[in-house]
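The lines below spell out each chain.
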Amino acid sequence: MIIGDAKNRTLVPSVAIAGVVTVAGLALPLDPALQYTLIGALAWAIAAIGLDVLVGFTGQVSFGQAAFVAIGAYATSAFRLSMGLPLVLAVVLGVGVTGVIALALGSVVVRYRIFGIATATLFFGYVVVTVLTGDTFSTVFGGANGLAVPEFAGLEAGGKGYLAVTGVVLILVVVATCLLNDSQTGRAFRMVKTNEAVAASAGIRVRQVKMISFAYCCVLAAIAGVLYSGVVGYLSPEGFGIKQSVNIFAMLVVGGAGTVGGPILGALLVTILPGYLLRDGHVSAVVFAAVLLVFLILLPEGIYGLVHRWATVLGRTVPGLSAAALRSRSRWATAGRAGPRPPAETPPDRRSSGSDTGGLALEVDGLQVRFGDFVALSQVDVRIESGSVHAIVGPNGAGKTTLLNTVCGLYLPSQGDIRIFGSSIRGVKPHRIRDRGVVRTFQTPAIVPDLDVVANVKLGLDTDLKGSLWTDLLGPLATGGRERVLESRAQWALDAVGIAARRRGMLARNLDLSEQKRVELARGLVGQGRLLLLDEPTAGLSADEMQALAQTLRQVHRDFGLTIMVVSHHIGFIRDIADAMTVLDYGRVVGTGTPDDVLARADIAATFMGVETAPLAEAEDL
Amino acid sequence: MQTSGVRTRRWVPVVAALALLIGACGSGGDSAGGSAEVGVSADTIRLAASQTLSGPGAASCAPSTDAAKLWFDKVNTDGGIAGRKIDFEVLDDGYDPARALANVRTFEKDKFAMVGACGSATAAAIYKTLSQKGIPFLFPTNGVSEVVKPASPGIFQVLPLYEDQTASMVRYGFEKSGKGSIFVVVNPLGAYQSAIDSAKKQATDLGGTFTNSAVATLGTTDYTPIALQIKQAKPDYVVMSMGGSDSAKFVNALVDQNAVPAKAILGTTASVAGSFLSSYNPGAASKIFFGSAIQLPAGKDADCTKLLAGTPAVDDPIALTGCASARAITTAITETKDLTRANLMKTIEGWQKKEVAPGILAELSFSSTDHIGISSLFIVQPQGRAFRTIATCPYGEDVQSQGACTAAA
Amino acid sequence: MGLLLSAGISGIAVGLLYGMIGFAIVMLYKSTGVANFAQGTLATLGGFVCWASMTDLGLPLWAAIVVALVASAVLGVAVYFVVIRPRPSAGNLNITVRTLGLSLLLLAVMEWRWGAGAPYRFPAIVEGTGVQVADFVVPAQSLLIAAVAAAIMGTLWALFRYSNVGLSFRAMAEQPDTARLLGLPATRLSAATWAISAVLGTVVAILLAPSSFLAPSTMESYLLFTFTGIVLGGLTSLPGALLGSVIVGVVSNVTIVALSLEAGVLVVFALLLVVMLLRPQGLLGRPESVRL
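Residues numbered from 1 in each chain as written. Chains lettered and ligands numbered in written order. Predicted model: local features only at pLDDT ≥ 70, side-chain atom pairs only at ≥ 80, totals over all residues.

The name given to chain C in an unreviewed UniProt entry is Branched-chain amino acid ABC transporter permease, and the organism recorded there is Nakamurella endophytica. Regarding chain C, the relevant UniProt record gives this comment under Subcellular location (unreviewed entry): "Cell membrane". According to the UniProt record, the Sequence similarities (unreviewed entry) comment for chain C is "Belongs to the binding-protein-dependent transport system permease family. LivHM subfamily." (UniProt positions renumbered as here; feature names shortened; annotations may be inferred.)

Going by what an unreviewed UniProt entry lists, chain A is known as Branched-chain amino acid ABC transporter permease and is assigned to Nakamurella endophytica. Per UniProt, chain A carries the Subcellular location (unreviewed entry) text "Cell membrane".

Next up, the structure:
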């Protein structure tokens with residue numbers, strides 16, 4: 001679903017864009033029509049920023065954004081006109097009503113991926129226009145002929161005063177959105193965008209996160225609607241149809257998704273170009289569509305990303321600039337580390353509760369998993385002692401990953417039961433299973449590529465140190481304490497898996513494979529993990545890297561008394577770390593016991609012929 | 001680490017460039033000339049229109065301003081009005097009231113008057129602003145009653161409101177084929193509930209009955225469900241107030257479902273469009289009667305007929321109306337001695353049974369309290385791919401008090 | 001009662017049209033993962049090519065139809081190579097929005113070229129009074145639509161289900177990377193899918209145009225209900241798309257007749273939400289398996 005990378009810490013450039021546009025609009029003697037168009041563009045920019053949180057940061061989609069702009073605008077105006085409420089109260093109620101409707105719709109659509117959400121939001125937009133046009137509510141909303149909006153507290157609709165108010169609201173929205181995106185909630189958005197299943201197994205409440213994102217998106221739409229209604233002075237359903245929803249999407253794409261500042265640039269271009277510069281309807285429509293396609297195909301990072309890329313090139317070629325850049329980089333780097341680093345050996349508080357020994361960590365009884373007619377696992381029994389390392393081995397397609405996915409709740413068993421630390425996981429959601437201490441890694445490291453390493457590890461604590469939307473919107477003022485704890489634990493976990501300090505500020509995608517695997521491991525270790533599921537931690541690693549990883553695993557196993565269930569093809573690695581192993585073939589258990597006993601069996605040795613030498617084929621297995 | 005500190009510095013020139021760009025766009029014209037009235041100089045009169053030039057409505061709307069432009073060009077080549085040439089600018093609003101209002105803001109500083117165009121919703125959105133600023137708004141195609149009732153200063157229209165038209169058409173039908181039951185179908189053009197209500201009132205007042213009504217969005221693709229409702233209700237008359245191609249689709253659905261009413265299908269001026277003629281099923285032609293503001297086919301000697309001769313627009317009622325309206329505007333300007341907006345309004349309010357486009361438009365009568373100009377409605381019937389006027393009915397504020405219709409020669 | 005029955009039958013007729021467009025969309029979605037929002041405008045453009053071949057080139061209807069079908073196949077392939085194929089790494093959402101952009105572009109071009117004078121009256125392939133069922137007269141054109149729909153859907157379904165080509169399509173849909181590794185010509189298959197869906201669209205446009213007339217935005221209002229039918233049917237199921245579309249057609253027409261047009265829209269939307277809530281995999285769809 002990814003439409004492009006999201007950018008981190010866009011606060012300064014984004015506020016700069018919003019501020020400069022506002023100040024320029026206020027200072028320059030603008031043609032009244034342009035000034036009017038500019039205010040409209042700033043209002044639409046707010047709606048586009050909301051959509052950016054949903055699309056660019058959370059990886060979801062909405063083709064009904066204009067409908068929420070309409071709801072905010074109409075509800076506020078109706079509260080003022082029909083009920084005679086004062087402006088401020090009407091705005092609060094209007095935005096609130098929009099939020100409630102968004103939550104109601106959101107609770108249904110977040111269950112779906114693109115196709116479902118796109119259809120439902122598109123249809124919702126159509127329904128809103130139909131209801132506003134229809135005669136059922138025409139006494140309140142004016143029907144097809146629309147509704148005149150009274151002036152806002154004496155502000156002339158297209159005047160400088162109104163521009164100033166719109167600009168200030170836009171800047172506040174930009175600040176809140178940037179803070180949100182860089183917060184714990186924002187990191188959860190990014191993980192949901194990268195992979196919902198992985199996010200769920202890391203303890204993130206995926207639906208809840210998507211609903212927060214959707215509601216935030218719609219609330220910004222409502223705020224945009226209020227401002228827009230004031231500058232236009234007239235509301236009619238015609239202006240909020242599917243076409244306008246597509247326009248808002250275009251602002252996002254052209255400006256740059258996942259940037260906050262980009263949608264402002266997009267809104268200026270999309271609104272001012274056809275509205276003010278290209279006045280021939282047909283030419284304007286063709287140009288608009290062509291520009292949108294060019295951006296989608298050739299410049300998916302949008303204007304913001306493009307300028308950012310140019311600026312980077314410029315910085316490299318102009319020595320003065322890059323010196324300045326270096327200075328500010330080091331300053332930022334120190335500022336970024338909140339508080340003094342705790343000593344590496346400080347374990348998180350829960351470690352004192354002692355390690356898991358005695359009893360069974362995992363019991364799998366008569367498990368069957370089917371996909372349609374295909375039986376992936378059949379009559380599988382596995383028992384893992386607490387505090388042991390248990391390997392799962394078997395040829396490609398034996399069902400090893402399916403077993404892990406079923407244990408962490410991503411797949412549902414069709415028969416049999418799984419108990420973790422004695423209690424069944426039947427009907428338990430993946431993030432709840434994570435709450436019981438099951439953490440896992442994936443064959444292809446499931447990290448968020450466009451977040452930095454430390455932020456990736458912090459995601460492992462989403463369950464234990466939950467953020468709240470309200471504090472996250474306020475930024476470090478409100479979340480500083482929590483962030484310091486998150487930071488120190490993340491640094492501790494990165495120490496434990498041996499990621500060099502200088503690599504920790506990099507984007508996760510820029511690490512090499514073995515480092516990415518360690519980051520994922522750190523994300524698992526950092527929280528309340530008791531049972532660690534590792535899926536092919538050795539795939540694609542060199543012999544040296546494999547040995548180093550084995551050592552790290554042994555160390556964390558010893559230090560924290562974790563139970564580890566590991567899928568691997570590398571017999572050497574398994575002999576090295578495992579206390580017991582289970583062999584799967586064609587979805588059935590064909591052997592279980594200590595590695596030495598099991599591997600001594602001739603039939604099992606045959607199963608493994610050639611596997612050890614073909615680790616590359618593994619990358620395709622799933 | 002790609003820090004934002006880096007980006008901060010690098011953004012400075014970009015952001016500055018952006019500011020310059022906005023400034024460059026904004027430094028355009030600030031002058032209006034030193035004339036006594038806005039939009040009028042020694043050699044130019046500036047007129048403007050906000051028109052639906054894009055989107056689904058464009059095809060049927062654009063011909064009216066295109067034809068107006070042709071008329072103004074002709075006036076200019078004939079030497080203009082008292083030595084002044086007409087400058088006519090049209091901006092697209094895509095049938096979006098908000099954009100129409102934005103266009104008005106663009107125009108208000110240097111245009112003398114607004115030429116009416118398509119669209120009830122757009123007219124409803126802009127008329128208050130125009131009226132408050134004293135800018136004349138001449139002859140929009142509008143169905144929203146508040147725009148002209150009561151009369152707002154400077155807002156004049158030729159066409160009767162749809163609610164008055166549906167009542168007139170019911171009266172015409174009953175007069176012609178006897179009273180009976182009616183079924184009303186409307187697109188939301190202006191105040192459509194009132195269009196239904198007035199048809200119902202007229203029918204019951206004249207001793208007929210009202211069976212039911214249906215509302216369909218403009219651009220509905222399948223009118224079969226409504227045709228089935230009508231088939232069930234079996235009314236004597238179907239009264240409709242619908243756009244041109246919607247009227248055609250609806251009539252075709254009636255024919256397909258054998259649901260054509262026993263007596264007649266009665267429609268408003270909104271149906272009188274080229275898009276109806278090009279696509280309706282002629283099987284029902286003999287039962288179709290539409291009210292029309294213009295005589296069809298237009299008189300051969302009329303100025304607009306000659307102007308449009310040889311183009312497809314000569315058969316397009318909307319283009320003819322646009323040209324006739326433009327001719328009315330130039331007539332008003334010519335008759336206004338000291339050309340100010342207020343004097344122009346006075347000229348128009350003084351028109352009684354005024355022939356502004358003989359052979360096309362019926363006589364217009366305005367007063368300070370009545371800003372709807374039509375004094376009689378033509379009744380037209382489709383014949384093949386053309387309309388033909390078959391009667392003229394007196395039309396006015398109070399339909400009851402009018403005399404009978406007269407059949408056309 | 002007779003009225004509602006007639007409305008139901010008329011709903012089936014219109015549902016078959018939704019279903020045929022839905023077939024094209026589901027086929028593309030199954031094999032390329034892209035929800036094609038340009039399906040409607042591609043279809044309309046095919047209709048205009050047919051119309052222009054008759055009026056500008058003076059071809060008879062049957063020849064114009066052949067020209068339009070061939071042209072839309074070429075167009076489908078061109079769209080794939082120019083709009084869809086570049087930068088596949090941008091992700092499905094990006095590519096889905098590309099189809100939206102393409103739709104805007106085609107619409108703008110059609111408005112420019114053919115907008116003035118639209119809608120156009122389009123000749124029916126068959127004339128005649130049709131058949132009376134209950135109170136509803138099924139026009140001859142609707143009978144033709146039903147026959148064509150049945151033939152096309154049957155063929156495509158059998159193709160997907162039983163032939164080698166269909167197997168390749170399915171392999172590509174389930175595991176695109178693996179399919180490529182197995183040596184399936186993914187590019188050619190995708191291009192072919194685009195061609196087939198564009199042709200299918202044109203067929204629908206030609207069948208629909210005589211009753212709804214030909215205008216640039218003719219198919220727009222069909223697209224929403226088509227997508228709804230697809231979601232009801234289960235996104236990836238061809239018979240599901242048909243079933244969902246017919247349900248949408250029937251529910252909508254019955255509600256319009258019983259209540260009002262506005263209610264028709266609301267009831268279909270409510271139906272969509274209820275199905276999404278209670279049966280997320282749709283009526284005939286399989287639950288989505290997680291991909292990691």
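K.L.:
I'd like to hear about the overall build of chain A, residue by residue, with values.
P.N.:
Within chain A, the secondary structure is distributed over 25 helices and 12 strands. Considering only contacts within chain A whose residues lie at least 6 apart along the sequence, 78% involve residues at least 24 apart. (Helix = DSSP H or I, 4+ residues; strand = E, 2+ residues; numbered from the N terminus. Contact = placed C-beta atoms within 7 Å.)

K.L.:
Explain the domain arrangement of chain A to me, using residue names and the numbers behind them.
P.N.:
All names here are of chain A. When the domains of chain A are assigned, the result is domain 1 (11–300), domain 2 (355–437 + 529–622) and domain 3 (452–527). Its C-alpha centre places domain 1 at a distance of 47 Å from the equivalent point of domain 2. With 7 residues of domain 1 at the interface, the matching set in domain 2 holds 6 residues. A class-by-class count of the residues in the side of domain 1 that touches domain 2 yields 4 nonpolar, 2 polar and 1 charged. (Domains from an automatic or database assignment. Nonpolar A, V, L, I, M, F, W, Y, C, P; charged D, E, K, R; others polar.)

K.L.:
Mind laying out the nonpolar core, listing which residues take part and the relevant values?
P.N.:
As a rule of thumb, nonpolar side chains are buried together in soluble globular proteins. Among the nonpolar cores identified, the biggest contains 451 residues, and I46(A), L220(A), A224(A), A522(A), V185(B), C304(B) and C323(B) are the most heavily contacted of them. Here A224(A) is in contact with A43(A), W44(A), I46(A), A47(A) and V69(A), once residues within four sequence places are set aside. (Core = buried A, V, L, I, M, F, W, Y, C linked by C-beta atoms within 7 Å. Buried ≥ 20, exposed ≤ 12 C-beta atoms within 10 Å, placed from the backbone.)

K.L.:
Lay out helix 9 (residues 244–256) of chain B with the relevant residues and their values.
P.N.:
All names here are of chain B. End to end, helix 9 covers 19 Å across 13 residues, agreeing with the expected 18 Å (1.5 Å per residue, within 8%). Within helix 9, the full set of buried residues consists of G244, S245, D246, S247, A248, K249, F250, V251, N252, A253, L254 and D256. One or two steps after helix 9, the chain reaches N258, where phi turns positive at roughly 50°. (Expected span 1.5 Å × (residues − 1).)

K.L.:
Account for the pairing of strand 10 (residues 563–567) of chain A, naming residues and giving values.
P.N.:
Regular strands place their side chains on alternate faces of the sheet. All names here are of chain A. In terms of burial, strand 10 is a largely internal element, 5 of the 5 residues being buried. Along strand 10, one buried face is formed by T563, M565 and V567 and the opposite face, lined by I564 and V566, is buried too. The sheet contact formed by strand 5 (residues 389–393) and strand 10 spans 4 bridges and is parallel. By the bridge assignment for strand 10, A391 is matched with V566. The pairing of strand 9 (residues 531–535) with strand 10 spans 5 bridges and is parallel. Paired with L532 across the two strands is I564, which belongs to strand 10. (Pairing = 2+ DSSP bridges.)

K.L.:
Describe helix 3 (residues 61–84) of chain C, listing the residues and the values that go with them.
P.N.:
Residues and elements named next belong to chain C. For helix 3, spanning 24 residues, the distance from its first C-alpha to its last is 32 Å, which sits close to the expected 34 Å at 1.5 Å a residue. For helix 3, every residue scored as buried is listed here: A64, I65, A68, S72, A73, L75, G76, V79, Y80 and I84. The elements touched by buried residues of helix 3 are helix 2 (39–55), helix 4 (92–114) and helix 8 (186–212).

K.L.:
Can you lay out the interface of chain A and chain C for me, pointing to particular residues and giving the numbers?
P.N.:
With 44 residues of chain A at the interface, the matching set in chain C holds 42 residues. Of all the elements in the fold, those that place two or more residues in the side of chain A that touches chain C are helix 5 (114–133), helix 9 (196–201), helix 11 (242–255) and helix 13 (281–298) of chain A. Tallied by class, residues from the side of chain A that touches chain C come to 34 nonpolar, 8 polar and 2 charged.

K.L.:
Go over the UniProt feature "transmembrane region" (unreviewed entry) in chain C with me, naming the residues and quoting the values.
P.N.:
All names here are of chain C. Under the UniProt annotation, "transmembrane region" (unreviewed entry) lies at residues 6–29, 36–54, 60–83, 95–116, 136–160, 189–210, 222–244 and 256–278. Secondary structure across residues 95–116 comprises 91% helix and 0% strand; the distance between its end C-alpha atoms is 32 Å. Its end C-alpha atoms 35 Å apart, residues 136–160 is made of 84% helix and 12% strand.

K.L.:
Account for the packing of helix 1 (residues 11–27) of chain A against helix 7 (residues 160–181) of chain A, naming residues and giving values.
P.N.:
All names here are of chain A. Interhelical geometry of helix 1 versus helix 7 gives an angle of 180° and a closest axis separation of 9 Å. The angle between helix 1 and helix 7 places the two elements in the roughly antiparallel class. Two secondary-structure elements touch here, helix 1 through L11, S14, V15, A18, G19, T22, G25 and L26 and helix 7 through K160, L163, A164, G167, L170, I171, V174, V175 and C178. When its residues are assigned to classes, the contact of helix 1 with helix 7 shows 11 nonpolar, 5 polar and 1 charged. (Axes fitted to C-alpha atoms, helices over the stretch in contact; angles between N-to-C directions. Parallel < 35°, antiparallel > 145°, perpendicular 65-115°, else oblique.)

K.L.:
If you had to explain the confidence of the model for chain A to someone new, which residues and values would you point to?
P.N.:
All names here are of chain A. Residues at a pLDDT of 70 or more form 88% of chain A, whose mean pLDDT is 84. Across residues 321–355 the pLDDT falls below 50, and counting only partners more than four positions away or on other chains, this stretch makes 43 contacts in the model. Here residues 610–622 is modelled with pLDDT under 50, and outside its nearest four sequence neighbours on either side it reaches 20 contacts, counting other chains as well. (pLDDT = per-residue confidence, 0-100.)

K.L.:
Which residues make up the sheet that holds strand 3 (residues 360–371) of chain A, and what values do they have?
P.N.:
Residue and element names in this part refer to chain A. Taken in spatial order, the 4 strands of this open sheet run 4-3-6-7, and their pairing is antiparallel. What marks the edges here is a single partner per strand, and that holds for strand 4 (374–385) and strand 7 (423–424). Relative to strand 6 (residues 415–420), strand 3 runs antiparallel, the two sharing 5 bridges. Counted as the bridge partner of Q368 is Q415 from strand 6.

K.L.:
Go over the environment of G56(A) with me, naming the residues and quoting the values.
P.N.:
Residue position: G56(A) is located in helix 2 (residues 32–57). Between the C-alpha atom of G56(A) and that of G258(A), which follows or precedes it by 202 residues, the distance is 3.9 Å.

K.L.:
How would you sum up unusual backbone geometry? Please name residues and give values.
P.N.:
All names here are of chain B. The amide bond that connects K149 to the next residue, P150, takes the cis arrangement and shows omega of -5°. Turning to its location among the elements, P150 is positioned in the loop between helix 5 (145–148) and strand 5 (155–156). Although it is not a glycine, K353 adopts a positive phi angle of roughly 45°. Summarising the element assignment, K353 is placed in the loop between helix 13 (341–349) and strand 11 (376–383).

K.L.:
So what's going on with the sheet that holds strand 8 (residues 237–241) of chain B? Which residues, and what values?
P.N.:
Residues and elements named next belong to chain B. Ordered in space as 7-6-8-9-10-11-12-13, the 8 strands form an open sheet in which the pairing is mixed. Looking at the sheet topology across the chains shown, the edges are occupied by strand 7 (209–215) and strand 13 (406–407). With 3 bridges joining them, strand 10 (residues 288–292) and strand 11 adopt antiparallel strand pairing. Along strand 11, the bridge assignment pairs G291 with I379.

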